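Summary of structural features
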Amino acid sequence: SNSGLTQTQTCNSQCCPVDCEVSSWGDWSKCDEECGGGRQKKTRYIKTHPQCGGVECPQLESERDCNVQCCPVDCKLTSWSDWSDCDSECDGKQYQYRSVERRAHCDG
């Protein structure tokens, strides 16, 4: 262009590299399991997309293990058996039995 005393022209017209820019990480999500091992994740987003050979964007999502402690399991007993026969003809006793069907673990 020409404005009397100065002339200009375009040079180095290739685009300039723009690096990716991302936000800071958001909070971790709620763990998807109460116990026994779950997963949670956090995300961030792209603020500026890379252009003209600029640095690519880093990972936008991160995951980790959570609530890895074992799940409490309560003890479970079988039903009572039928009454046994009387153990004596006079002043006897009858018995019922039951057993452990599942043992407690992890503070159950």
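Structure report, in brief. Note on numbering: residues in each chain are counted from 1, in written sequence order. Where totals are concerned, whole chains, interfaces and linings use all residues; where local detail is concerned, this predicted model gives features only for residues with pLDDT of at least 70, and gives and counts side-chain atom pairs only at 80 or more. For the side-chain quantities, the full set of heavy atoms in the structure was used; hydrogens and water were omitted.

**Overview of the overall build of the chain**
Just so we agree on the cut-off: To qualify as a helix, a DSSP run of H or I must reach at least 4 residues; to qualify as a strand, a run of E must reach at least 2; elements of each kind are numbered from the N terminus. For the radius of gyration, the atom set is restricted to C-alpha positions; the globular benchmark scales as 2.2 Å times the number of residues to the power 0.38. Any residue under 20% of the maximum accessible area for its type is buried, any over 50% is exposed, and the rest in between are partly exposed; the area is computed with a 1.4 Å probe on protein chains only. Any two residues whose heavy atoms approach within 4.5 Å at even a single point are treated as in contact. The accessible surface values rely on the Shrake-Rupley method and a 1.4 Å probe; as for residues, cover is taken only from the protein chains in view.
From N to C terminus, the chain includes 0 helices and 6 strands. The C-alpha radius of gyration computed for the chain amounts to 37 Å, which surpasses the reference 13 Å derived for 108 residues by more than 25%, pointing to a less compact arrangement than a globule. Seen through its principal axes, the chain has C-alpha atoms that stretch 135 × 20 × 15 Å. Buried positions account for 9% of the 108 residues belonging to the chain. Of the contacts made within the chain by residues no fewer than 6 positions apart, 56% connect residues no fewer than 24 positions apart. With the model as given, the accessible surface of the chain reaches about 9,200 Å², and the carbon-plus-sulfur share is 46%.

**Looking at the state of the cysteines**
Under the convention used in this document: Note on terminology: disulfide denotes any pair of cysteine sulfur atoms within 2.5 Å.
By the definition in use, this model includes 5 disulfides. Covalent S-S linkage joins Cys20 and Cys57, the inter-sulfur distance amounting to 1.9 Å. In this structure, the disulfide formed by Cys20 and Cys57 twists by about 100° around the S-S bond and is classed as right-handed. Here Cys57 lies in the loop between strand E3 (46-48) and strand E4 (61-66) and Cys20 lies in the segment before strand E1 (21-22), a separation of 37 residues in the sequence. Here Cys35 engages in a disulfide with Cys71; their sulfurs sit 2.0 Å apart. Negative torsions about the S-S bond denote left-handed disulfides, and the value of about 110° found for Cys35 with Cys71 makes this one right-handed. Placement of Cys35 in the loop between E1 and strand E2 (38-43) and of Cys71 in the loop between E4 and strand E5 (76-77) is noted, with a sequence separation of 36 residues between them. A relative accessible area of 19% places Cys35 in the buried class. Owing to a relative accessible area of 29%, Cys71 belongs among the partly exposed residues under this scheme.

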